[in-house]
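Letter by letter, the chains look like this.
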Amino acid sequence: MNQLLTLLHPETVIFDLQSGTKEEVISRLLQKAVETKQIESANKEEILESLLAREKSMSTGIGSGVAIPHCSVNLVDELKCVMGLNSQGIDFDSIDHQPVHIFILLIVPKTKFQEHIKTLAQIAKALNVKEDREKLIRSKSFEEIQKAFTRNV
């Protein structure tokens, strides 16, 4: 859990992500990355294209209400992360065909591909416990997110 907590900050979380389609969700998460100055707005379209191309090859909805849309680009020097939460769930073409409640957007430098794979695996593992996911989905503040992630530490 700690790996994800080190990537997130109070301003990089959307607590009531309101978007209808997979593309809208990704676009909204990416807009949050621009608003929090993680990426330059001039690079937004290119990164969005990369994220959507990744989704077309295979959905990043990994099941159990979690999606990790991600891409690897030369436009960032370090890993960028935004999280969105939606209590109702959004259809994201998940592998288990269930709605997604937890969205973790990762934008990774092409030069750090191994770190990217490791981070994806750590996040997937961290979100493996149903009770922790449920606490996370209900979170209304960054402190509640921290509590959801540190319960078992």
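If you're wondering where the values come from, they're calculated on a predicted model, not measured in any experiment.

Colleague: Which residues make up the state of the cysteines, and what values go with them?
Modeller: Formally, a disulfide is one covalent bond, and it connects the sulfur atom of one cysteine to the sulfur atom of another. A full pass over the atoms with the stated rule returns zero disulfides. With no disulfide of its own, Cys81 has Cys71 as its nearest cysteine by sulfur position, at a separation of 12 Å.

Colleague: Lay out the pairing of strand S6 (residues 100-109) in plain terms, naming residues and giving numbers.
Modeller: Most of S6 is tucked away, with 10 of its 10 residues classed as buried. Here strand S4 (residues 70-73) runs beside S6; their pairing, made up of four bridges, is parallel. Note on S6: the bridge partner recorded for Cys71 is Ile107. Bridge analysis of strand S5 (residues 80-90) against S6 gives seven bridges, and the strand direction is antiparallel. Each residue of the ladder has a partner; that of Ile90, found in S6, is Val100.

Colleague: How would you summarise the packing of helix H2 (residues 22-35) against helix H3 (residues 44-57) if you had to cite specific residues and measurements?
Modeller: Packing of H2 against H3 leaves a shortest axis separation of 10 Å and a crossing angle of 145°. Considering only the axes of H2 and H3, their crossing is right-handed. In contact with Lys22, Glu23, Ile26, Ser27, Leu30, Gln31 and Val34 of H2, H3 contributes Lys44, Ile47, Leu48, Leu51, Leu52 and Glu55. Tallied by class, residues from the contact of H2 with H3 come to seven nonpolar, two polar and four charged.

Colleague: Mind laying out unusual backbone geometry, listing which residues take part and the relevant values?
Modeller: Although it is not a glycine, Ser64 sits at a positive phi angle of roughly 55°. For Ser64, the location among the structural elements is in the loop between strand S2 (61-63) and strand S3 (66-67). Despite not being glycine, Asp93 shows a phi value in the positive range, around 60°. With respect to the helices and strands, Asp93 occurs in the loop between S5 and S6.

Colleague: Could you give an account of the packing of helix H5 (residues 130-138) against helix H6 (residues 142-150), naming the residues involved and the relevant values?
Modeller: Running from N to C, H5 and H6 cross one another at 180°; their axes reach a closest spacing of 9 Å. Judged on the interaxial angle alone, H6 and H5 are roughly antiparallel. Two secondary-structure elements touch here, H5 through Asp132, Lys135, Leu136 and Arg138 and H6 through Glu144, Ile145, Ala148 and Phe149. In the contact of H5 with H6, the residues fall into four nonpolar, no polar and four charged.

Here is what the cut-offs are and how they apply
Residues numbered from 1 in each chain as written. Predicted model: local features only at pLDDT ≥ 70, side-chain atom pairs only at ≥ 80, totals over all residues. Heavy atoms only, no water. Disulfide = S-S within 2.5 Å. Buried < 20%, exposed > 50% of the residue type's maximum accessible area, 1.4 Å probe, protein only. Helix = DSSP H or I, 4+ residues; strand = E, 2+ residues; numbered from the N terminus. Pairing = 2+ DSSP bridges. Axes fitted to C-alpha atoms, helices over the stretch in contact; angles between N-to-C directions. Left-handed = near helix turned anticlockwise from the far one by under 90°. Contact = heavy atoms within 4.5 Å. Nonpolar A, V, L, I, M, F, W, Y, C, P; charged D, E, K, R; others polar. Parallel < 35°, antiparallel > 145°, perpendicular 65-115°, else oblique.

By themselves, these are just geometric observations and shouldn't be taken as functional.
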